[in-house]
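So the chains spell out like this:
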Protein chains: 2
Amino acid sequence: MSRERTDAQPGNQTSSQRAQPRLRVAVVDRDPGFMQVLANRLGALGCEHRALSSPATVETLVAMRLNALVVDLAVIGPESWDYLERVCGRLPGLAVIVCTGPSSVAQRVRGLRLGADAWMTKPCHPEELICVIEAAVRRHRRHELPQVDVAATIGEITVRPDLYQAYVAEQSLELTAREFEILQLLAQSDRVLRREEIYERVWGYAMAHGDRSVDVFVRKLRQKLRAISPAWNYIHTHFGVGYRFAPEPEVLELDEAGSADVPAPEFPAALTR
Amino acid sequence: MSRERTDAQPGNQTSSQRAQPRLRVAVVDRDPGFMQVLANRLGALGCEHRALSSPATVETLVAMRLNALVVDLAVIGPESWDYLERVCGRLPGLAVIVCTGPSSVAQRVRGLRLGADAWMTKPCHPEELICVIEAAVRRHRRHELPQVDVAATIGEITVRPDLYQAYVAEQSLELTAREFEILQLLAQSDRVLRREEIYERVWGYAMAHGDRSVDVFVRKLRQKLRAISPAWNYIHTHFGVGYRFAPEPEVLELDEAGSADVPAPEFPAALTR
DNA sequence: CGTCTTGATCACAGGATGTTTACACGCAAT
DNA sequence: ATTGCGTGTAAACATCCTGTGATCAAGACG
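Colleague: How do you make sense of the sheet that holds strand 7 (residues 157–160) of chain B when you look at a structure like this?
Modeller: Remark on secondary structure: sheet strands pair via backbone hydrogen bonds, oriented parallel or antiparallel. Residue and element names in this part refer to chain B. Strand order in this open sheet of 4 strands is 6-7-8-9, and the pairing throughout is antiparallel. Edge strands, defined here as strands with exactly one partner in the open sheet, are strand 6 (152–154) and strand 9 (171–173). Strand-to-strand twist of the sheet, defined as the mean angle between neighbouring strand axes without regard to direction, takes the value 25°. Bridge count between strand 8 (residues 165–168) and strand 9: 3 bridges; the pairing is antiparallel. Bridge assignment links tyrosine 167 to a residue of strand 9, and that residue is serine 172. The strands touched by helix 7 (residues 177–188) are strand 6, strand 7, strand 8 and strand 9; relative to strand 7, the strand with the most contacts, the crossing angle is about 120°. Seen against the sheet, helix 9 (residues 213–228) touches strand 7, strand 8 and strand 9 and runs at an angle of roughly 160° to strand 9.

Here it is in structure tokens:
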């Protein structure tokens, strides 16, 4: 699965707000006039937009990092409902606006129930459509980041979102972007987080069934944390539930000679091969 | 009977989504028929609803702790726009749906720009309106989770859903995920729960006939509770019915002494079946 | 008092869940 | 191109939770 971290620096996006483009919108439609008008308006508003004449796969949509998707169900055809369900299910953070020709109440109800945010009937005024898109996106963004860029210290751990840097008792931790985001999320949440929740908030979309990425990153985090304070376990596992960050570290009983754990003071990733 | 829990799936939200009315909605309108139909549907869905024939002040709305507000601008009159702006500005967490008679594109655009989440034109199908309300609220709720589950203390028992942890008189109980969920359910319900009900709410699907899992988990719970306070029995068995959590623990007769007489025949046998 | 039904308790096999390791892929910098 | 590094997948391994069946105790009912 393509998961790029295109803009790897400061104002990272995944879990926090996007940098410049006001909005990133894709439109799936086949009416050139409609597309053109919409594109003009979106462009004028400073939104990044992309026109698609056929439905993109879920993976593609994920890769595009959209805020909103406008779709004419007529373009998709008979499997429209499936498509809608898949997209809404997999990208709960995406605003989906169905903009289609005349429809029955039952159809509109069905679409909304499957997760669409709004249903517009063509022909519609572009300005109104834009407002609807913005209204839908507004909701997503409101709770997107309660308080970012505020350095926080939780127990021995200090997190500096502005620098993408974490510290354990003054000592700096060398974390990758994703590791940092997970640590930040865990440290700032004073409760048990389910894997699905961690995934969704860090990756930005729903976790696929059976995905173990979170576990692996937790392991990497634990490993690096252990390299600095070998006797403490900051991340508790709640079997059958998820993980929780423990501000007051639980003391581990390390048998004789911290053997098995700390690979080396250096960072093991470099030595693996 | 083979019971697969294959679909233990996307995290057991069982515990997180119970309690509370599904939605709290207020409707500002003057059409009695419309209000009645809407009230019926909302009631059937388990939503708390309230009808208002004149606009409530912002303060009142705050006090009502609403999830959504449906408003007919005609009821408010000329200062509709001001009102909309005030409400949306002051309660960013409230979903506002304008449901009004015929309007111009300019009006709809203005309403949405001021912060409304959706604009429905009367006459509209109640079912569709409900779907629109739900779609709007869905967005707010997505990241609302952190505060949803609050700690509760029932008698000597304290339940902390955020930590997946329970306490008996300050002392922590080591429970597995399932055990915790059952204890939470019992402790938060002030009544007798049938086995089928417990099973369905914890496991997420119907109990197979003859399944004894609930009994076994109750046993484990009792065992762990007894380990901390040996003289008390928190979980009462109602023969032929189910279980009930007793906030004021029943004192057990240890050894012989005042044997046979168990106090509290509070519930008269509750029909044998 | 005897019998039937329902619940309690126990031990354990099976399997779901979590951990660790190794490696393939793709982007970015050289 | 090549290399390095971060990311995510697959598979082996370790844990320990879960649900079942058997057995025993207790209520219901005649």
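Colleague: Even after reading the chapter, I still don't get the pairing of strand 3 (residues 68–71) of chain B, so can you show me in this structure?
Modeller: Remark: a regular strand shows side chains that alternate across the two faces of the sheet. Residue and element names in this part refer to chain B. The alternating pattern of strand 3 places Ala68 and Val70 on one face and Leu69 and Val71 on the opposite face, and all of these are buried. As paired strands, strand 3 and strand 4 (residues 95–100) are joined by 4 bridges and run parallel to one another. Paired with leucine 69 across the strands is valine 96, a residue of strand 4.

Colleague: Can you walk me through the packing of helix 8 (residues 195–203) of chain A against helix 9 (residues 213–228) of chain A in this structure?
Modeller: For any two helices packed against each other, one specifies the crossing angle of their axes together with the interaxial distance. Residue and element names in this part refer to chain A. Where helix 8 meets helix 9, the axes come as close as 10 Å, and the angle between the chain directions of the two elements is 85°. It follows from the interaxial angle that helix 8 and helix 9 lie roughly perpendicular. Packed against helix 8, whose contacting residues are Arg195, Ile198, Tyr199 and Trp203, the element helix 9 presents Ser213, Val214, Asp215 and Phe217 at the interface. Here the contact of helix 8 with helix 9 is composed, by residue class, of 5 nonpolar, 1 polar and 2 charged.

Colleague: Which parts of the structure should I look at to understand the protein's contact with DNA strand C?
Modeller: Neighbouring residues of DNA strand C: 26 residues in total, closest Arg222(A), Tyr243(A), Arg222(B), Thr237(B) and Tyr243(B). Of all DNA strand C atoms lying within 4 Å of any protein atom, the proportion belonging to sugar or phosphate reaches 83%. Between a phosphate oxygen of DNA strand C and a side-chain N or O atom of Arg222(A), the distance comes to 2.4 Å. Between DNA strand C and Arg219(B), the relevant distance is 3.0 Å, taken from a phosphate oxygen to a side-chain nitrogen or oxygen of the residue. Elements represented by at least two residues in the surface near DNA strand C include exactly helix 9 of chain A together with helix 9 of chain B. Per element, the largest residue contribution to the surface near DNA strand C is 5 residues, and it comes from helix 9 of chain B. Residues of the surface near DNA strand C, tallied by class, amount to 7 nonpolar, 5 polar and 14 charged.

Colleague: Explanation requested: the sheet that holds strand 3 of chain B in the structure shown.
Modeller: Residues and elements named next belong to chain B. Strand order in this open sheet of 5 strands is 2-1-3-4-5, and the pairing throughout is parallel. Where the open sheet ends on each side, the last strands, each with one partner, are strand 2 (48–52) and strand 5 (118–121). Neighbour to neighbour, the strand axes of the sheet diverge by 15° on average, direction disregarded. Inspection of the sheet shows strand 4 paired to strand 5 by 4 bridges, in the parallel sense. Bridged to isoleucine 97 within strand 5 is alanine 118. Helix 1 (residues 32–44) rests against strand 1 (24–28), strand 2 and strand 4 of the sheet, and its axis sits at about 170° to strand 2.

Colleague: Teacher, can you tell me more about the pattern of salt bridges here?
Modeller: In a structure, side chains of opposite charge can pair up when their charged atoms sit close to one another. A full pass over the atoms with the stated rule returns 25 salt bridges over all chains. One salt bridge connects Arg191(A) with Glu197(A), and the closest N-O pair in it is separated by 2.5 Å. Given a relative accessible area of 9%, Glu197(A) falls into the buried group. The residue Arg195(B) makes a salt bridge to Asp215(B) at a minimum N-O spacing of 2.9 Å.

Colleague: Honestly, helix 4 (residues 80–90) of chain A in this entry has me stumped. Any pointers?
Modeller: Along an α-helix, residues three or four apart share an orientation, since each turn contains 3.6 residues. Those residues of helix 4 of chain A not exposed but buried are Ser80(A), Trp81(A), Tyr83(A), Leu84(A), Val87(A), Cys88(A) and Arg90(A). Residues of helix 4 of chain A that are buried sit in contact with helix 2 (58–64), strand 3 (68–71), helix 3 (73–76), strand 4 (95–100), helix 5 (105–113) and strand 5 (118–121) of chain A.

Colleague: Which parts of the structure should I look at to understand the packing of helix 7 (residues 177–188) of chain A against helix 9 of chain A?
Modeller: All names here are of chain A. Relative orientation of the contacting elements helix 7 and helix 9 amounts to 85°, with a least axis distance of 10 Å. Taken together, the axes of helix 7 and helix 9 are roughly perpendicular relative to one another. Residues Arg178, Glu179, Ile182 and Leu183 of helix 7 form the contact with helix 9, whose own contacting residues are Phe217, Lys220, Leu221 and Lys224.

Colleague: What is the right way to look at the packing of aromatic side chains in this model?
Modeller: For any pair of aromatic rings, geometry is given as the distance between the ring centres together with the angle between the planes. Residue and element names in this part refer to chain A. Tallied over the entire structure, the rule returns 14 aromatic pairs over all chains. Note on tryptophan 232 and tyrosine 234: the rings are 6.2 Å apart at their centroids and 85° apart in plane angle, and the pair reads as edge-to-face. According to the relative accessible area criterion, tryptophan 232 is partly exposed, its value standing at 31%. The structure contains a cluster of three or more aromatic residues connected by ring pairs, namely Tyr199, Trp203, Tyr205 and Phe217. Across the ring face of phenylalanine 34, the terminal group of lysine 122 is positioned such that the distance to the ring centre comes to 4.7 Å.

Colleague: Would you take a moment to explain the pairing of strand 7 of chain B for this structure?
Modeller: Residues and elements named next belong to chain B. Alignment of strand 6 against strand 7, held across 3 bridges, turns out to be antiparallel. Bridge pairing links alanine 152 to valine 159 in strand 7. With antiparallel pairing between neighbouring strands as the criterion, strand 6 and strand 7 make up a hairpin whose turn holds 2 residues, including glycine 155 at a positive phi of roughly 60°. The pairing of strand 7 with strand 8 spans 4 bridges and is antiparallel. Looking at the pairing, arginine 160 lines up with glutamine 165 of strand 8. The turn joining strand 7 and strand 8, which pair antiparallel and follow one another in sequence, is formed by 4 residues; a positive phi near 55° is taken by tyrosine 164.

Colleague: Whenever I open this one, unusual backbone geometry confuses me. Can you help?
Modeller: Most peptide bonds adopt trans geometry, and most residues besides glycine take a negative phi value. Residues and elements named next belong to chain A. In the segment running from lysine 122 into proline 123, the intervening peptide bond is cis, with an omega of -5°. Mapped onto the elements, proline 123 comes out in the loop between strand 5 and helix 6 (126–142). Positive phi values are uncommon outside glycine, yet alanine 169 reaches one of about 50°. Following the sequence through the fold, alanine 169 ends up in the loop between strand 8 (165–168) and strand 9 (171–173).

Colleague: Explain helix 9 of chain B to me, please; I cannot follow it from the model alone.
Modeller: Residue and element names in this part refer to chain B. Here helix 9 contains 16 residues, and its C-alpha end-to-end distance of 23 Å stays within 8% of the 22 Å for a straight helix at 1.5 Å per residue. Among the residues of helix 9, those classed as buried are Ser213, Val214, Phe217, Val218, Leu221 and Leu225. Relative to the axis of helix 9, the buried residues are bounded by an arc of 130° and lie together on one face.

Reading the values: rules and limits
- Chains are numbered independently. Their residues run from 1 in the order of the written sequence.
- Whichever chain is written first becomes A and whichever ligand is written first becomes 1, with later ones labelled in order.
- With pLDDT at 70 or above as the cut-off, local features in this predicted model cover only qualifying residues; side-chain atom pairs require 80 or more to be listed or tallied, and sums for whole chains, interfaces and linings still use all residues.
- Remark: hydrogens and water are excluded; side-chain values derive from all non-hydrogen atoms of the structure.
- Each pair of strands is called paired provided DSSP finds at least two bridges between the two strands.
- In DSSP terms, a helix is any run of H or I states spanning at least four residues, a strand is any run of E spanning at least two, and both are numbered starting from the N terminus.
- The axes are straight lines fitted to the C-alpha atoms, using for helices just the contacting stretch, and the angles between their N-to-C directions are given from 0 to 180°.
- It only takes one pair of heavy atoms within 4.5 Å for two residues to be counted as in contact.
- Classification of residues uses two cut-offs on accessible area relative to the type maximum, computed with a 1.4 Å probe and protein chains only: under 20% is buried, over 50% is exposed, and between them is partly exposed.
- Note on angle classes: values under 35 degrees are labelled roughly parallel, values over 145 roughly antiparallel, values of 65 to 115 roughly perpendicular, and the remainder oblique.
- Under the scheme applied here, ten amino acids are nonpolar (Ala, Val, Leu, Ile, Met, Phe, Trp, Tyr, Cys and Pro), four are charged (Asp, Glu, Lys and Arg), and all others, including Gly, are polar.
- Residues are labelled near a given molecule or strand when at least one of their non-hydrogen atoms is within 4 Å of it.
- N or O atoms closer than or at 3.5 Å make up a polar contact, with two conditions inside protein: a donor-capable atom paired with an acceptor-capable one, and, for residues adjacent in sequence, both atoms drawn from side chains.
- Here, a salt bridge means any Lys or Arg side-chain nitrogen found within 4 Å of an Asp or Glu carboxyl oxygen.
- Stacked, tilted and edge-to-face are the three classes assigned to paired rings of Phe, Tyr and Trp, where Trp is represented by its six-membered ring and a pair needs centres within 6.5 Å; plane angles under 30 degrees give stacked, over 60 edge-to-face, the rest tilted.
- Only Lys NZ and Arg CZ are tested; either one counts as a charge over a ring when it is within 6 Å of the ring centre and within 35 degrees of the ring normal.
- What a helix is expected to span follows from its residue count: subtract one and scale by 1.5 Å.
- Comment: arc refers to directions from the helix axis out to C-beta atoms.

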